[in-house]
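Given next are the chains, with one letter for each unit.
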Amino acid sequence: MSEEGTHIFYHPLSLEHDTGEGHPERKARIAAVLDRLGTTGLKDECEWHLPEPAAIESIHANHDADYLRSVEAYADQGGGALDADTLVSSKSYEAALRGAGACTEAIDAVMSGTASNAFCINRPPGHHARPSRAMGFCLINNIAVGARHALAQHGLERVFIFDWDVHHGNGTQESFYEDASVYFCSIHQSPLYPGTGMQTETGQGSGEGYTLNLTVPSGAAGATYESLLKEQVIPAMRSFNPQLILISAGFDAHRRDPLAGVMLEDKDFSAMAESVLSVADELCDGKVVAVLEGGYDLEGLSGGVEQLVRAMLAHS
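Residues numbered from 1 in each chain as written. Predicted model: local features only at pLDDT ≥ 70, side-chain atom pairs only at ≥ 80, totals over all residues. Heavy atoms only, no water.

Peer 1: What's the story with the packing of aromatic side chains in this structure? I'm lost.
Peer 2: Each aromatic ring pair is described using two quantities: the centre-to-centre distance and the angle formed by the ring planes. Under the defined criterion, the tally for this structure stands at 10 aromatic pairs. Through successive ring pairs, a cluster of aromatic residues spans Phe160, Tyr183, Tyr210 and Phe240. For Lys43, the ring lying beneath its charged end belongs to Trp48, and the centroid distance is 5.9 Å. (Phe/Tyr/Trp six-rings, centres within 6.5 Å; stacked < 30°, edge-to-face > 60°. Lys NZ or Arg CZ within 6 Å of the ring centre and 35° of its normal.)

If you want it as structure tokens, here you go:
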């Protein structure tokens, strides 16, 4: 196990992605996370990095060039709404580029052994962003860009993405639905936005069997997640034997979250993180990169992040 610690990739442009008054995906989310890591002393235990924008070729590996140009044009014109939920301000495109850059740089650090593991704390989030369309507060699919970067730049053959955000990561699933080199696994509430992620969706073509959707009802609590991890997620990881594990770390399955009905507590995120990090130690020398997705109650979000970072530090 590397002794290089937990590295955090964060850029203050995340605070300049302006979604307007009353929007749940707001800059206060990042401020709450940074404050919690500061007051608990965890901030000082991690190595911090200011990411550069992702290389445009890395983003084009997952996103249509015309789509990206349209997002950039919206930002250049001062912003606007890409759909009813997804807003762009003058700094949003730049912030999204840095969010994607955070993920690729975090993967570089973990794959090179510079970092034991890494966490990217940026917004806008990414897992709903489809290859040619913004969706669900997301502009660039950070974790999908990161997975493609890991395959192309580090010669990996097997990357596992575990998405524990309460909403299904439809954009990530779409990116790899026919791809056997990336296993996509999601636990999410159903029915709920975006309406995808049925258990019958298991991949297609060469990707058949490399998508695992696990749905939970509103009111589901920690015991349900513990059982799904033990009986489905961890066995899938072992069977796939990844060289790198990526976590789409949303914290909107917290009982306090206003946008869903799952009842997880802080300790349940600790248990989930511990399970994933332990199997990563066993399978891929602990190589884990987590990327912030949703979480819209500031207390629930920052508490969940604290538990994730504590677990990552314990495994670094």
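Peer 1: How do you make sense of the nonpolar core when you look at a structure like this?
Peer 2: Considering soluble globular proteins, one finds that nonpolar side chains tend to be buried as a cluster. Membership of the largest hydrophobic core comes to 54 residues, with the highest contact counts inside it found for Phe119, Phe162, Trp164 and Met237. Ignoring anything within four residues of it in the chain, the contact list for Met237 reads Phe160, Phe162, Pro242, Ile245, Val276, Val279 and Leu283. Within the second largest apolar cluster, 26 residues are counted, among which are Ile143, Ala147, Ile161 and Val182. (Core = buried A, V, L, I, M, F, W, Y, C linked by side-chain atoms within 4.5 Å. Buried < 20%, exposed > 50% of the residue type's maximum accessible area, 1.4 Å probe, protein only. Contact = heavy atoms within 4.5 Å.)

Peer 1: Before we go on, may I ask you to explain the environment of Glu178 in this structure?
Peer 2: In this structure, Glu178 sits in the loop between helix H6 (170-176) and strand S7 (182-189). As for Glu178 and Phe137, which are separated by 41 residues in sequence, their C-alpha atoms are 25 Å apart. With sequence-adjacent residues up to four places away left out, Glu178 is seen in contact with Gln204, Ser206 and Gly207. (Helix = DSSP H or I, 4+ residues; strand = E, 2+ residues; numbered from the N terminus.)

Peer 1: I tried to follow the sheet that holds strand S1 (residues 6-9) on my own but got confused; where do I start?
Peer 2: Within a sheet, adjacent strands bond to each other through the backbone by hydrogen bonds, running parallel or antiparallel. The sheet built from 8 strands is open, its strands ordered S2-S1-S5-S10-S9-S6-S7-S8 with parallel pairing. At either margin of the open sheet sits one strand with a lone partner, and together these are strand S2 (47-49) and strand S8 (211-216). For this sheet, the mean angle separating the axes of adjacent strands, direction not counted, is 15°. Where strand S5 (residues 117-120) meets strand S10 (residues 288-292), 4 bridges bridge the pair, whose relative direction is parallel. Paired with Phe119 across the two strands is Ala290, which belongs to S10. Against the sheet, helix H4 (residues 92-112) makes contact with S1, S5, strand S9 (244-249) and S10, and its axis sits at roughly 170° relative to S5, the strand it touches most. (Pairing = 2+ DSSP bridges. Axes fitted to C-alpha atoms, helices over the stretch in contact; angles between N-to-C directions.)

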